[in-house]
Amino acid sequence: MAAGSWTLAEELFARADPAFVDELRRVHFAERLGEFAARWFADPRPFARNALLEYLSHPLNCYRHEPLVKRLFKLAEKAGDDIVMGAFLVAFDRSVRRARKTRTRFKHESLQSRSSAEVVANSWLAEGFTNVNINEHRGTFYATASKQEPVIVMPGNTKMPRPAQAQWKKNWPIDDGTRQRYERRHLLFSLPTRRYLRRRAWRYFRNIGKSDPARYVKAAVAFLPRFTDADIDTDIHLLDNCGLMHVLFEHCPALVSEARGWQFAAGMSIADLAPAPRFEAAWAGDAAAVFQVLLAANARAVRQWAARMLRKHHDAWLRARPVTELLRLADHADPDLAALGFDLLERAPDLASVAVDEWLTRLNGDNLEKLQRLAALLTRRLDAGRVAASEVLRLAGNRSKPVAELGLHLLQQKTFAETDAPELLALVQAECSIVRPALVDWLRSTLSGFGAVRGKWILEFLDSKHADVRGIGWAWLHDSELRDDPTFWHYLIESPYDDVRGRLVAELSRRTEGADPDAVCLLWATVLLNVARGGRQKPGVITEVVNRLASQRDEADRLLPLLAVAVRSVRGPEFRVGLAAIVGLAERQPSLLPAIQRQFPELQL
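Okay, so let's go over this structure. Sequence order as written defines residue numbering, which begins from 1 separately in each chain. With pLDDT at 70 or above as the cut-off, local features in this predicted model cover only qualifying residues; side-chain atom pairs require 80 or more to be listed or tallied, and sums for whole chains, interfaces and linings still use all residues. Think of the side-chain values as coming from all heavy atoms in the structure, minus any hydrogens and water.

What about the overall build of the protein chain?
For step 1, the next point in the chain: A tally of regular secondary structure across the protein chain gives 34 helices and five strands.
For step 2, the next point in the chain: A buried classification covers 47% of the 605 residues belonging to the protein chain.
For step 3, the next point in the chain: Surface accessibility in these figures is a Shrake-Rupley result with a 1.4 Å probe; residues are shielded only by whichever protein chains are displayed. Accessible surface for the protein chain amounts to roughly 29,800 Å². Of this, 52% is attributable to carbon and sulfur atoms. Under the DSSP-based scheme used, a helix requires at least four consecutive residues in state H or I and a strand at least two consecutive residues in state E, with every element numbered from the N terminus. The rule is simple: take the accessible area with a 1.4 Å probe, protein chains only, and divide by the maximum for that residue type; under 20% is buried, over 50% is exposed, in between is partly exposed.

Below, the structure written as structure tokens:
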């Protein structure tokens, strides 16, 4: 990749191309960049301004961009441009980042006696030093010790290298690999300069706050969302955001302001931080501004500050917010804000002002914690009469437990007629396994209240894709008058489910006499020919076939092929049971030998 082209960058800027900022960051001709600053800042196009804010959202690590950054900063400061100055405040705050490291401290001392050396060594041990040693050489005793301790340091190689004098004057280009290596390892300006720029950016807003607090609050509302969680990923990096600390916590007793930045007071930590901003009276007089920060902030620390400020100064205002605004809080991705929104919704008096569709739409999410809070809220506050029966059934059939429980609660408050049975039977396919038993029990009870049980109702239960529902359907069948209806049993023979066919086989084994031979044969064939399932029922079916052959020898040509399925099975249990049945049948019924030999020519009987 070649170095950035100044000509290309100017062309992209002229035609408002979105690729302009990326190309400009690759340009490293300092003189031309410095001259371009005034033209860029004065350009009235929205594109130019948005590009400037985008440029400042990137790290200040572009090789030879010092003139551009300094001149843009001075132009914005002179023009009183609060938006651009806010972007500079955030960029300069990001430019200082300390790190925690472990450092080894050493101590050593020469003494004239062993007793003196031991006294010194014991005092070092009391201070936490380890590896304490005493050595003697020519009458002198040498005590040494060391210990590991955490320290906060600035990473090395933070100042961007400068070109040689000859290159400086002629703007000689460097290769792109070198530029990229510099930009990965270095930042613009020396550390003292960056600290000064942080203070100067904050001083701009501090002066505004002294003369026009309302303007200060408006400006802070604009730049606070530019901070992200990546800017405040540790307590040390939070303190490195010098301007942010002034805005949010300047008067907090847990902090100490030093020449090089903020530090925690002795014995204090990030857990002791509490909102104590500069110009707190201005924030206390503008609840809407604090609420706007709460919703727009992209850093959790800023959102927490705004939430605590609202609790501290604007609790009554917050409670009086319309439900639509509280829903914006409840919908927020930050769990703390969502919890705050639900807490306020619990006490909101006008939930009925929100359309039912808005509530139901929110029940389609995957955030379990939110679903639990919302479902619990609607269980207590939502009038079932406002929700259509079709929506209630959809909720009850949901796979999420909180949503399904809400649907069941609403169902129990509504009244249904027999004409609603087709819609209600959709509950046999309900997805939540925890709520489904209660739903199906309610469904059975409701249907039973319509009068005589309809066969199609029980068939819907037995055709459910859920085994527990089919079990309830089978029990319902045995409790109903349909248990002795041959037509109904004929329908069950066509069931695709093993558990239903298995129960049917067991039941028909007790009712073989008088049953339709074709229907019974079809059922047995269905079980025996099932390749994947039905292993538990197959031995019983083989026994039933043998028993029927013993009493109905004229059906041999129709029933022996069923035994052939078992005898020729690759599964050992089925093969052994089938073979034993054929041998036993041949011994007990010699008249069936010709038919058996025709069906099983490979057997020597």
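Things to note about the packing of helix α5 (residues 66–79) against helix α6 (residues 82–94)
For step 1, the next point in the chain: Axis definition: a line fit to C-alpha positions, over the contact stretch in the case of helices; interaxial angles, taken between N-to-C directions, run 0 to 180 degrees. Where α5 meets α6, the axes come as close as 9 Å, and the angle between the chain directions of the two elements is 135°. With respect to their mutual orientation, α5 and α6 come out oblique. As for the relative orientation of α5 and α6, their crossing is left-handed in sense. Contacts from Val69, Leu72, Phe73, Ala76 and Glu77 in α5 reach Val84, Met85, Phe88 and Phe92 in α6.
For step 2, the next point in the chain: Ten residues, namely Ala, Val, Leu, Ile, Met, Phe, Trp, Tyr, Cys and Pro, are considered nonpolar, four, namely Asp, Glu, Lys and Arg, are considered charged, and the remaining ones, Gly among them, are considered polar. Across the contact of α5 with α6, the residue classes tally to eight nonpolar, no polar and one charged. Working rule for angles: under 35 degrees goes down as roughly parallel, over 145 as roughly antiparallel, 65 to 115 as roughly perpendicular, anything else as oblique. Two helices cross in a left-handed way if the nearer one is turned anticlockwise from the farther one by less than a right angle. They cross in a right-handed way if the turn is clockwise. It only takes one pair of heavy atoms within 4.5 Å for two residues to be counted as in contact.

So, the side chain of Ser480
For step 1, the next point in the chain: With respect to the helices, strands and loops of the structure, Ser480 is situated in the loop between α27 (467–479) and α28 (486–492).
For step 2, the next point in the chain: For Ser480, a relative accessible area of 6% corresponds to the buried category.
For step 3, the next point in the chain: The definition of a polar contact used here is a pair of N or O atoms within 3.5 Å, where within protein one atom must be able to donate a hydrogen and the other to accept one, and adjacent residues in sequence count solely through side-chain atom pairs. Within the structure, the side chain of Ser480 is placed 2.9 Å from the backbone oxygen of Leu477, a separation counted as a polar contact.

A look at unusual backbone geometry
For step 1, the next point in the chain: The phi dihedral of Arg64 falls on the positive side, at around 70°, and the residue is not glycine.
For step 2, the next point in the chain: On the secondary structure map, Arg64 appears in the loop between α4 (46–57) and α5.
For step 3, the next point in the chain: Residue classification places Arg64 among the buried positions, given a relative accessible area of 5%.

Here's the deal with the nonpolar core
For step 1, the next point in the chain: The criterion is simple. A nonpolar core is a set of buried Ala, Val, Leu, Ile, Met, Phe, Trp, Tyr and Cys residues joined through side-chain atoms within 4.5 Å. If you look at the biggest cluster of nonpolar residues, it comprises 151 residues, and the most contacted ones within it are Trp40 and Trp283.
For step 2, the next point in the chain: If one sorts the elements of this core by residue count, α6 sits on top with eight residues.

Let's talk about the environment of Val403
For step 1, the next point in the chain: With respect to the helices and strands, the residue Val403 is situated in helix α23 (residues 401–413).
For step 2, the next point in the chain: Classification of Val403 as buried rests on a relative accessible area of 0%.
For step 3, the next point in the chain: The spatial distance from the C-alpha of Val403 to the C-alpha of Ala375 is 6.1 Å, given a sequence separation of 28 residues.

As for the sheet that holds strand β3 (residues 140–153)
For step 1, the next point in the chain: The criterion for strand pairing is that DSSP finds at least two bridges linking the strands in question. Taking strand neighbours across the sheet as the criterion, the three strands line up as β1-β3-β2 in an open arrangement whose pairing is antiparallel. Taken across any chain shown, the strands that pair with only one partner, and hence form the sheet edges, are β1 (99–111) and β2 (130–137). Taken over all neighbouring pairs, the strand axes of this sheet differ in orientation by 20° on average, direction set aside.
For step 2, the next point in the chain: Here β1 runs beside β3; their pairing, made up of 13 bridges, is antiparallel. Across the sheet, the residue bridging to Arg105 is Lys147, located in β3.

Some points on the packing of aromatic side chains
For step 1, the next point in the chain: Each Phe, Tyr or Trp ring, with Trp reduced to its six-membered ring, pairs with another whose centre is within 6.5 Å; inter-plane angles below 30 degrees give stacked pairs, above 60 give edge-to-face pairs, and intermediate values give tilted ones. Here the structure, examined in full by the defined rule, presents 22 aromatic pairs.
For step 2, the next point in the chain: With a centroid separation of 5.1 Å and 85° between ring planes, the pair formed by Phe13 and Phe36 is classed as edge-to-face. In this pair, Phe13 sits in helix α1 (residues 6–14) while Phe36 sits in helix α3 (residues 30–42), placing the two residues 23 residues apart along the sequence. As far as the burial class goes, Phe13 and Phe36 line up, both buried.
For step 3, the next point in the chain: For the ring pair Phe291 and Trp317, a centre distance of 5.6 Å and an interplane angle of 70° mean the geometry is edge-to-face. Taken together, the residues Phe291 in helix α15 (residues 287–296) and Trp317 in helix α17 (residues 315–319) connect sequence positions 26 residues apart.
For step 4, the next point in the chain: We classify Trp317 as partly exposed; its relative accessible area is 25%.
For step 5, the next point in the chain: Counting every residue linked through ring pairs, the aromatic cluster contains Trp6, Phe13, Phe20, Phe36, Trp40, Phe47 and Tyr55.
For step 6, the next point in the chain: In this scheme, the term charge over a ring applies when either NZ of a lysine or CZ of an arginine sits within 6 Å of the ring centre and within 35 degrees of the ring normal. The ring of Phe279 carries the charged tip of Arg278 above its face, separated from the ring centre by 4.9 Å.
For step 7, the next point in the chain: If you follow Arg321 out to its NZ or CZ, it ends over the ring of Trp317, 3.9 Å from the centre.

As for a positive patch on the surface
For step 1, the next point in the chain: A cluster of basic side chains, namely Lys70, Arg71, Lys74, Lys159 and Arg162, defines a positive patch on the protein surface.
For step 2, the next point in the chain: Within the secondary structure, Lys74 is located in helix α5.
For step 3, the next point in the chain: In this structure Lys74 comes out as partly exposed when scored by relative accessible area, which is 48%. Each patch is built from residues that are more than 30% exposed by relative accessible area and take part in no salt bridge. Like charges join if they lie within 9 Å; nonpolar side chains (Val, Leu, Ile, Met, Phe, Trp, Tyr) join within 5 Å. Within this document, salt bridges are pairs made up of a side-chain nitrogen of Lys or Arg and a carboxyl oxygen of Asp or Glu, the two lying within 4 Å of each other. Within this scheme the basic residues Lys and Arg register as positive and the acidic residues Asp and Glu register as negative, but His and the chain ends are omitted. Working definition for charges: the position is that of NZ of Lys, CZ of Arg, CG of Asp or CD of Glu.

Brief notes about helix α19 (residues 335–347)
For step 1, the next point in the chain: When the terminal C-alpha atoms of α19 are compared, their 19 Å separation across 13 residues agrees well with the 18 Å that a helix rising 1.5 Å per residue should span.
For step 2, the next point in the chain: Three or more residues of α19 are buried, namely Leu337, Ala338, Leu340, Gly341, Phe342, Leu344 and Leu345.
For step 3, the next point in the chain: Of the surrounding elements, those touching the buried residues of α19 are α15, α16 (300–313), α17, α18 (323–330), α20 (356–362) and α21 (368–381).
For step 4, the next point in the chain: The backbone nitrogen of Asp336 lies 2.8 Å from a side-chain oxygen of the residue at the head of α19, namely Asp334. Multiply 1.5 Å by the residue count of a helix minus one, and that product is the helix's expected span.

Notes on the environment of Ala254
For step 1, the next point in the chain: Inspection of the secondary structure puts Ala254 in the loop between α13 (242–249) and β4 (255–258).
For step 2, the next point in the chain: For Ala254, a relative accessible area of 2% puts it in the buried group.
For step 3, the next point in the chain: Through-space distance from the C-alpha of Ala254 to that of Ile270 is 8.2 Å; in sequence the pair is 16 residues apart.
For step 4, the next point in the chain: Residue contacts for Ala254: discarding those within four places in its chain leaves Gln263, Phe264, Ala265, Met268, Asp272 and Leu273.

Notes on the side chain of Glu149
For step 1, the next point in the chain: Among the structural elements, Glu149 can be located in strand β3.
For step 2, the next point in the chain: Taking the relative accessible area as the measure of exposure, Glu149 reaches 15% and is therefore buried.
For step 3, the next point in the chain: Once you skip the residues sitting within four places of it in the chain, Glu149 turns out to touch Lys101, Thr102, Arg103 and Arg105.

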